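Commentary on secondary and tertiary structure
Below are the chains, spelled out letter by letter.
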Amino acid sequence: MEIERKFLPAYLPENLDQYQHHLIEQAYLNVAPVVRIRRQDDTYILTYKGGGMMAREEYNLPLNRESYLHLLEKADGNIITKTRYLIPIHDGLTAELDIFEGKFSGMLLVEVEFDSVEDANAFQKPDWFGEDVTYDKRYHNSYLSKL
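A brief report on the enclosed structure follows. Worth saying up front: this structure is predicted, and the values here are computed from it rather than measured.

This next bit is on the side chain of Arg36. Position of Arg36 relative to the elements: it lies in strand β3 (residues 34-40). Nearest to the buried, unbridged Arg36 among oppositely charged side chains is Glu58, at 4.8 Å. Leaving out residues up to four positions away in the same chain, Arg36 has contacts with Gln26, Ala27, Tyr28, Ile45, Leu46, Thr47, Lys49 and Asn60.

Rendered as structure tokens:
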């Protein structure tokens, strides 16, 4: 189960380079249900996501590079590229700050994953988090893949 909230950052934290980060490329084979392939640095993953906005089923399966490239040719819509920064915040949580590249260059999105819906609902966002867009489909990567 994936339980996450999404926000549009009001501003960026200082010294982003001090945080661990990953280069991500992802594409969608289907959007209802979501079937996604992702390259994160040198790791390749096939993901299935069920319906829902804040909480939904999610299953990840490993891929090798050859399988990823084969499936990438079959993907629909936009290939999404971004750098994801992993920024520790309060209560042992991690903010995943995505800085998009390519077609969506300049777009910023920050996500936080939770162990329960109750924890997600009780979350007090840091000052640098802006508008909560958890329930706005326009900020789901599967939606962006179709623009």
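Attention shifts here to a negative patch on the surface. Taken together, Asp91, Asp115, Glu118 and Asp119 make up a surface patch of like negative charges. Residue placement: Asp115 occurs in the loop between β9 (108-113) and α2 (117-122). Judged by relative accessible area, which is 76%, Asp115 ranks as exposed.

For the rest of this paragraph, the subject is the side chain of Arg5. One can find Arg5 in strand β1 (residues 2-7). The residues contacting Arg5, other than those within four sequence positions of it, are Met54, Val110, Glu111, Val112, Phe114, Ala120, Asn121, Phe123, Asp132 and Thr134.

A few words on the environment of Leu147. Mapping Leu147 onto the fold places it in the segment after α3 (141-144). The exposure class assigned to Leu147 is partly exposed, which follows from its relative accessible area of 46%. Along the sequence, Leu147 and Pro33 sit 114 residues apart, while their C-alpha atoms lie 18 Å from each other. Contact partners of Leu147, with chain neighbours within four places excluded, come to Asn78, Lys103 and Phe104.

A word on the sheet that holds β9. Reading across the sheet, the nine strands line up as β5-β1-β9-β8-β7-β2-β3-β4-β6 and stay open at both edges, with antiparallel pairing between neighbours. Each edge of the sheet is formed by a strand with only one pairing partner; in this case those strands are β5 (55-56) and β6 (58-63). Judged from the eight bridges that link them, strand β2 (residues 20-31) and strand β7 (residues 76-88) form a sheet pairing that is antiparallel. Bridging from a neighbouring strand, Gln26 pairs with Ile80 of β7.

Take unusual backbone geometry next. With an omega of 0 degrees, the peptide bond between Ala32 and Pro33 qualifies as cis. Residue position: Pro33 is located in the loop between β2 and β3. Of note, Asn15 is a non-glycine position whose phi angle comes to about 55 degrees, a positive value. Within the secondary structure, Asn15 sits in the loop between β1 and β2. Asn15 gets classed as exposed once you look at its relative accessible area, which sits at 55%.

Conventions adopted
- Residues numbered from 1 in each chain as written.
- Predicted model: local features only at pLDDT ≥ 70, side-chain atom pairs only at ≥ 80, totals over all residues.
- Heavy atoms only, no water.
- Helix = DSSP H or I, 4+ residues; strand = E, 2+ residues; numbered from the N terminus.
- Buried < 20%, exposed > 50% of the residue type's maximum accessible area, 1.4 Å probe, protein only.
- Lys, Arg positive; Asp, Glu negative; His and termini not counted.
- Salt bridge = Lys/Arg side-chain N within 4 Å of Asp/Glu carboxyl O.
- Contact = heavy atoms within 4.5 Å.
- Patch = residues over 30% accessible without salt bridge, like charges linked within 9 Å, V, L, I, M, F, W, Y side chains within 5 Å.
- Areas by Shrake-Rupley, 256 points an atom, 1.4 Å probe, with all protein chains shown as cover.
- Charge placed at Lys NZ, Arg CZ, Asp CG, Glu CD.
- Pairing = 2+ DSSP bridges.

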